[in-house]
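# Fold and contact review
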2 protein chains.
Amino acid sequence: MQERIHNFNAGPAALPLPVLEEIKDSFLNFSGSGMSITEVSHRSKWFDDVINDAIERTQRLLKLNDQYKVLFLQGGASMQFCMIPLNFLSDGRSADYINTGTWSTKAIKEAQIQNKSIKIVASSEDKNFCYIPENIPFTKDAAFVHLTSNNTIKGTQFESLPDTGNVPMIIDMSSDIMSRPLDMSNIGMIYAGAQKNIGPAGACMVIIRQDLLDLVPDHIPSMLSYNTFASKNSMYNTPPCFSIYTIQLVLKWLEDTIGGLEKMDAQNREKANLLYDYIDNSDFYNATAQIGSRSLMNVTFRLPSEDLEKTFVEKAINEGLGGLKGHRSVGGCRASIYNPTGINAINDLVSFMKGFEKQSG
Amino acid sequence: MQERIHNFNAGPAALPLPVLEEIKDSFLNFSGSGMSITEVSHRSKWFDDVINDAIERTQRLLKLNDQYKVLFLQGGASMQFCMIPLNFLSDGRSADYINTGTWSTKAIKEAQIQNKSIKIVASSEDKNFCYIPENIPFTKDAAFVHLTSNNTIKGTQFESLPDTGNVPMIIDMSSDIMSRPLDMSNIGMIYAGAQKNIGPAGACMVIIRQDLLDLVPDHIPSMLSYNTFASKNSMYNTPPCFSIYTIQLVLKWLEDTIGGLEKMDAQNREKANLLYDYIDNSDFYNATAQIGSRSLMNVTFRLPSEDLEKTFVEKAINEGLGGLKGHRSVGGCRASIYNPTGINAINDLVSFMKGFEKQSG
């Protein structure tokens, strides 16, 4: 296969082609340094420019006020599952967690393994996580409310964020960060493994409000303290330079080429609606997430049989449509259509789905 | 500056040009996948081939027996400073630490911050860490002995590993892994941030012996347990794919082009000797590490004044010799000459040093 495919993988996922081309073109000599970006010191003006531009673009795209710090950590969202209770529940306080599937469940487990006090205030486990809970009884004096804004595996997403009163939200946005404008008014922290909407694997973006940093205890390991990263502009030790560089380029594309989060949101809605509308009008394909809880990023669906699903995924690959297999824990099919996926990819996918339905239905 | 420079940075550092060229050439379409390596799923045959080849090459290069697992983690060596005492001193046992400078000191601090019992059995702090301690009084029933095989900042290196009796060594080899053959007979674990000898920033190689894995307690956070990584071939969650891919290519270069660690060692000795010999025969430059403790990877030296050092570093950059400034904590000059640095770079450096001495001496 010589051509590039349409990549519907859930993560690592498609990146904007102009970003990949810029990396390729400058790969042996970054910005006149005479070195590859992979060889440049993190203590150099070249890398300072990269990380600071990534931070400033994040501030502009999300309209952050000066109370927020933008950090880059390693270990993915999974490391955050561990760090959040360690940093914010050290004084014996309790937090509320909403369970909307695999990733929320893992976040809960990592708090419990540390014997932290948490309360699961809502769960959609009763219906195999196919919906987002509403009317949640939050605890008034909780240290924070933790939620996963988009469930990559089940294809569900909070349409809007819940009202948690005075309690700050901590949100795992790994699979929908920067996909739409965000009301930051009650958000204490956002975190996102980069490898879905904003870059390659290897970096986790953390956006944290100053008052949460004040809660971090002194006597925890340096690499597990948010204050270590906040006080050193994410460079206490060598950061994941290449991943941060790629994130910078993706944010530049998002801001300068796409035109910001309102425009990205409009494109993402158009893409998702096209796909859901086709699926809903078909008797052959069935969307698995409830209407009102459906993800704009991960469209999950089933075919009439597992055999047909297997054939579907295989034939799609032969047509240049990759990554349509559902997560191994749930089966079925899934099209992940993050920011970099263009409307042309959705058109080609729908066209293939029509042909497959005609042939097999 | 249009040409590539000689890169003497301490890390991130120079990578082999053929490796960079291969990454560049395949960057938009990796191995016929139709995707960039940055877009390929870590749960794909493409990435399985990458990580397994990196592991197998490591096994062959270091002649590992089947008791060792090769893992890739995130967070650099600094995260290991935290994980080692958490994983191996959970039962109240004590460990010996050798302090040979900044990185050992940090490793010690991260054990102490967890209130783990450790004993500093040797330190070269009395002479500003310019030598490697000998005749160390190891503790017979210690859980492990921790040491840093090469001190990047002070330019010191263990010529050979100490005899720790029956106590396994845990060695931070961030700056000299794969630079020479290694006697594994008493090594429990090696770890190395990749960004010096084996790849770009963003991945930490961990080589761990099975009996140490048996010590890891069950009830620690998943991402801080070596067993999590050992039981999932480093893919409990999304690994730093691009960094691992680059490591694979560097190891391929080391094995297939260089011809293995004996040959790499010979080249590294030739390079370092050339530079040290010139410095030792000069009245203008002074090597800072004691003979017998000198690093083959990081050659640290001083000029007659700090002003001259500043001019030296600036003029060198103009001649295409980058990264010669010493670590900000110690000043002076440093040439980091890891595996990818060719003898031609050393020749050009010595030639420049001669000219500068003549002009300024």
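Residues numbered from 1 in each chain as written. Chains lettered and ligands numbered in written order. Predicted model: local features only at pLDDT ≥ 70, side-chain atom pairs only at ≥ 80, totals over all residues. Heavy atoms only, no water.

### Examining the sheet that holds strand β14 (residues 333-336) of chain B
Residue and element names in this part refer to chain B.
- With respect to topology, 3 strands assemble into an open sheet ordered β11-β12-β14, the strand pairing being antiparallel. Both outer strands of the open sheet, β11 (286-287) and β14, are each paired with one neighbouring strand and no more.
- Sheet topology places strand β12 (residues 298-302) next to β14; 4 bridges connect them, and they run antiparallel. Looking at β14, one finds that Val299 is bridged to Ala335.
- Helix α8 (residues 261-280) contacts β11, β12 and β14 of the sheet and is inclined by roughly 15 degrees relative to β12. (Pairing = 2+ DSSP bridges. Helix = DSSP H or I, 4+ residues; strand = E, 2+ residues; numbered from the N terminus. Contact = heavy atoms within 4.5 Å. Axes fitted to C-alpha atoms, helices over the stretch in contact; angles between N-to-C directions.)

### Observations regarding the relation of the copies chain A and chain B
- For the pair chain A and chain B, the superposition axis carries a translation of 0.0 Å, the fit reaches an RMSD of 0.0 Å, and the rotation angle comes to 180 degrees. This pairing of chains is accounted for by a two-fold axis.
- By residue overlap, the copies meet face to face through one surface: 100% of the interface positions of chain A are interface positions in chain B. (Least-squares fit on C-alpha atoms with pLDDT ≥ 70 in both.)

### Looking at the side chain of Gln80 of chain A
Residues and elements named next belong to chain A.
- Mapped onto the elements, Gln80 comes out in helix α3 (residues 76-88).
- Since its relative accessible area comes to 0%, Gln80 is described here as buried.
- A distance of 2.5 Å separates the side chain of Gln80 from the side chain of Tyr226, its partner in a polar contact. (Buried < 20%, exposed > 50% of the residue type's maximum accessible area, 1.4 Å probe, protein only. Polar contact = N/O pair within 3.5 Å; in protein donor to acceptor, adjacent residues only side chain to side chain.)

### A word on the sheet that holds strand β2 (residues 68-73) of chain A
Residues and elements named next belong to chain A.
- Strand order in the open sheet formed by 7 strands is β2-β10-β9-β8-β5-β3-β4, and the pairing between neighbours is mixed. Strands at the two margins of the open sheet, each flanked by one partner only, are β2 and β4 (117-123). The sheet shows a mean angle of 20 degrees between the axes of neighbouring strands, taken without regard to direction.
- Here strand β3 (residues 94-99) runs beside β4; their pairing, made up of 6 bridges, is parallel. In the strand pairing of β4, Ile98 is matched with Ala122.
- Sitting on the sheet, α3 is in contact with β2, β3, β5 (145-148), β8 (169-172), β9 (187-193) and β10 (204-209), with an inclination near 155 degrees to β9.
- Sheet strands in contact with helix α4 (residues 102-112) are β3, β4, β5 and β8, and its direction is about 155 degrees off that of β3.

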